[in-house]
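As a plain string of letters, each chain reads:
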Protein chains: 2
Amino acid sequence: MRKRGYPLSEQLMDALEERGYRDTAPRRTVARAIAEKERHFAAEELREQLPGIGRATVYRSLKILVEAGALCRVLLEDGNLHYQLSHRGHHHHLLCVECGASEDLMGCDIEDRLESVADAHNFQVSGHWLEVYGKCQTCRAELPASA
Amino acid sequence: MRKRGYPLSEQLMDALEERGYRDTAPRRTVARAIAEKERHFAAEELREQLPGIGRATVYRSLKILVEAGALCRVLLEDGNLHYQLSHRGHHHHLLCVECGASEDLMGCDIEDRLESVADAHNFQVSGHWLEVYGKCQTCRAELPASA
DNA sequence: TCATAAATGATACCTGGTATCTGAAGACGA
DNA sequence: TCGTCTTCAGATACCAGGTATCATTTATGA
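Keep in mind that this is a model prediction, so the values were computed, not measured.

Visitor: When you look at the protein's contact with DNA strand D in this model, what are you seeing that I'm missing?
Guide: Around DNA strand D, 18 residues are found, and the nearest of them are Arg55(A), Thr24(B), Arg27(B), Thr57(B) and Arg60(B). For DNA strand D, the fraction of protein-proximal atoms (within 4 Å) that sit in sugar or phosphate groups is 62%. The side chain of Tyr59(A) places a nitrogen or oxygen atom 3.2 Å from a phosphate oxygen of DNA strand D. Arg60(B) is positioned with one of its side-chain polar atoms (N or O) 2.8 Å from a base nitrogen of DNA strand D. If you list the elements that add at least two residues to the surface near DNA strand D, you get helix 3 (43-49) and helix 4 (55-67) of chain A together with helix 2 (25-35) and helix 4 (55-67) of chain B.

Visitor: In this structure, what is going on with the packing of helix 2 (residues 25-35) of chain A against helix 4 of chain A? I would like to understand it.
Guide: Think of two packed helices as two axes; the pair is described by the angle between the axes and how far apart they sit. All names here are of chain A. Where helix 2 meets helix 4, the axes come as close as 10 Å, and the angle between the chain directions of the two elements is 70°. In terms of orientation, helix 2 and helix 4 fall into the roughly perpendicular class. As for the relative orientation of helix 2 and helix 4, their crossing is right-handed in sense. Contacts between helix 2 and helix 4 pair Pro26, Arg27, Val30 and Ile34 from the former with Thr57, Ser61, Leu62, Ile64 and Leu65 from the latter. Taken together, the residues of the contact of helix 2 with helix 4 break down into six nonpolar, two polar and one charged.

Visitor: When you look at the sheet that holds strand 3 (residues 92-96) of chain B in this model, what are you seeing that I'm missing?
Guide: Hydrogen bonds between backbone atoms are what pair the strands of a sheet, whose relative direction is either parallel or antiparallel. An order of 4(A)-3(A)-5(A)-5(B)-3(B)-4(B) is seen for the six strands of this open sheet, with the pairing classed as mixed. Pairing within the sheet leaves two strands with one partner each, and these edge strands are strand 4 (102-105) of chain A together with strand 4 (102-105) of chain B. The mean angle between the axes of side-by-side strands here comes to 20°, regardless of whether they run parallel or antiparallel. Summarising the sheet, strand 5 (residues 124-135) of chain A and strand 5 (residues 124-135) of chain B pair through 11 bridges and their orientation is antiparallel. Its bridge partner being in strand 5 of chain B, Gly127(A) is matched across the sheet by Tyr133(B). The strands touched by helix 5 (residues 110-120) of chain A are strand 3 (92-96) and strand 5 of chain A together with strand 3, strand 4 and strand 5 of chain B; relative to strand 5 of chain A, the strand with the most contacts, the crossing angle is about 130°.

Visitor: Help me out: how do you make sense of the side chain of Glu111(A) in this one?
Guide: Mapped onto the elements, Glu111(A) comes out in helix 5. Despite its burial, Glu111(A) pairs with no opposite charge; the closest candidate is Arg113(B), at 10 Å N-O. Within the structure, the side chain of Glu111(A) is placed 2.8 Å from the side chain of His92(A), a separation counted as a polar contact.

About the cut-offs
Within each chain, residue numbers correspond to sequence positions counted from 1 in written order. Here every chain gets a letter starting at A, and every ligand a number starting at 1, in the order they are written. Selection of residues for local features in this predicted model requires a pLDDT of at least 70, selection of side-chain atom pairs for listing and counting requires 80 or more, and totals for whole chains, interfaces and linings are taken over all residues. The side-chain numbers reported here are obtained from all heavy atoms of the structure, hydrogens and water having been left aside. One heavy atom suffices: a residue is near a molecule or strand as soon as one of its heavy atoms comes within 4 Å of it. Definition of a polar contact: a pair of N or O atoms within 3.5 Å, with one able to donate and the other able to accept a hydrogen when the atoms are protein atoms, and with sequence-neighbouring residues admitted only if both atoms are side-chain atoms. Going along the chain from the N terminus, every DSSP run of H or I of four or more residues is numbered as a helix, and every run of E of two or more is numbered as a strand. A fitted line through C-alpha atoms serves as each axis, taken over the contacting stretch for helices, and the angle formed by two N-to-C directions is quoted from 0 to 180°. Oblique is the label for every angle not falling under 35 degrees (roughly parallel), over 145 degrees (roughly antiparallel), or within 65 to 115 degrees (roughly perpendicular). Note on convention: the crossing is left-handed when the near helix lies turned anticlockwise from the far helix by less than a right angle, right-handed when the turn is clockwise. Contacts are assigned to residue pairs with any non-hydrogen atoms lying within 4.5 Å of each other. Put simply, Ala, Val, Leu, Ile, Met, Phe, Trp, Tyr, Cys and Pro go in the nonpolar bin, Asp, Glu, Lys and Arg in the charged bin, and everything else, Gly too, in the polar bin. Strand pairing is assigned whenever DSSP identifies at least 2 bridges connecting the two strands. Exposure is judged per residue with a 1.4 Å probe applied to protein chains only, and the accessible area is read against the type maximum: over 50% gives exposed, under 20% gives buried, and values in between give partly exposed. His is not counted, nor are the chain ends, whereas Lys and Arg count as positive and Asp and Glu as negative. Each reported salt bridge corresponds to a side-chain nitrogen of Lys or Arg within 4 Å of a carboxyl oxygen of Asp or Glu.

Written out as structure tokens, the structure reads:
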């Protein structure tokens, strides 16, 4: 849950401290860089942006932030794995293939539908992965060719 | 579409020939190995099973079989990519996390639901990726603990 | 302040996959 | 059946993204 009134990077650090992780300078640097991201990003992209921070540290930080629910993984259409700031709790993404924007899809009824379809196969659902690709509102307006 | 009455490996070869690929001994070997698979499998697993076939050949064969629609990719819960024989056409998988079985989900109405949810966000859907994880009928019967 | 556990960064390694290149094999017309 | 042309195969080098290892540094709490 992103809260207003204090910096996003602090919220990331808080999420780590809640889970017993220490407050260190490299982690703050990573958190600040992530907090400035407006889009989903690749791990390697983040690393290149932080030449002073070790590779392992960047990857470790991403991993624990995902565990803490502050970041989530995004699977791109080309199979690459990206990260983005997360509303905690289960949700999906509408990913724009034009501009890379991503919109969160929360509290939709796709889960219910899945459950009932799976039920019909006597299958007990424990999890799922869903990413939706397409064109966002802005890009539809800019490129109305196939709208 | 898998047809009855002639070997699956022949159907795989046919799918390749339809697309202009040649009928070669290594490809037949790969096709036969794939045809015997009852589960989704990793590329590397297939390769180890075929020590006489070059690494590149195995990967190339998988690639063109996917392009030809005879195989499809499966994203496992742990993020690994596997392959499995495909009913041609768009479908999803119910993947059992206990035994690895996978059931195809065709002609369900999840797409429609996606469309309408996306519509509400002024988002034009062009594609999606969906995998469903859980427990299949057989495993539910064997391990009724959390059924 | 100090002891201790945790974190860091350098680096080696691993996994899964692709690119390159040379020789071999299939396709096909004469 | 032969010759030619194209595709294919296999070896191997390479690459990307990520993890393991380990000596050193740092945060933390008594």
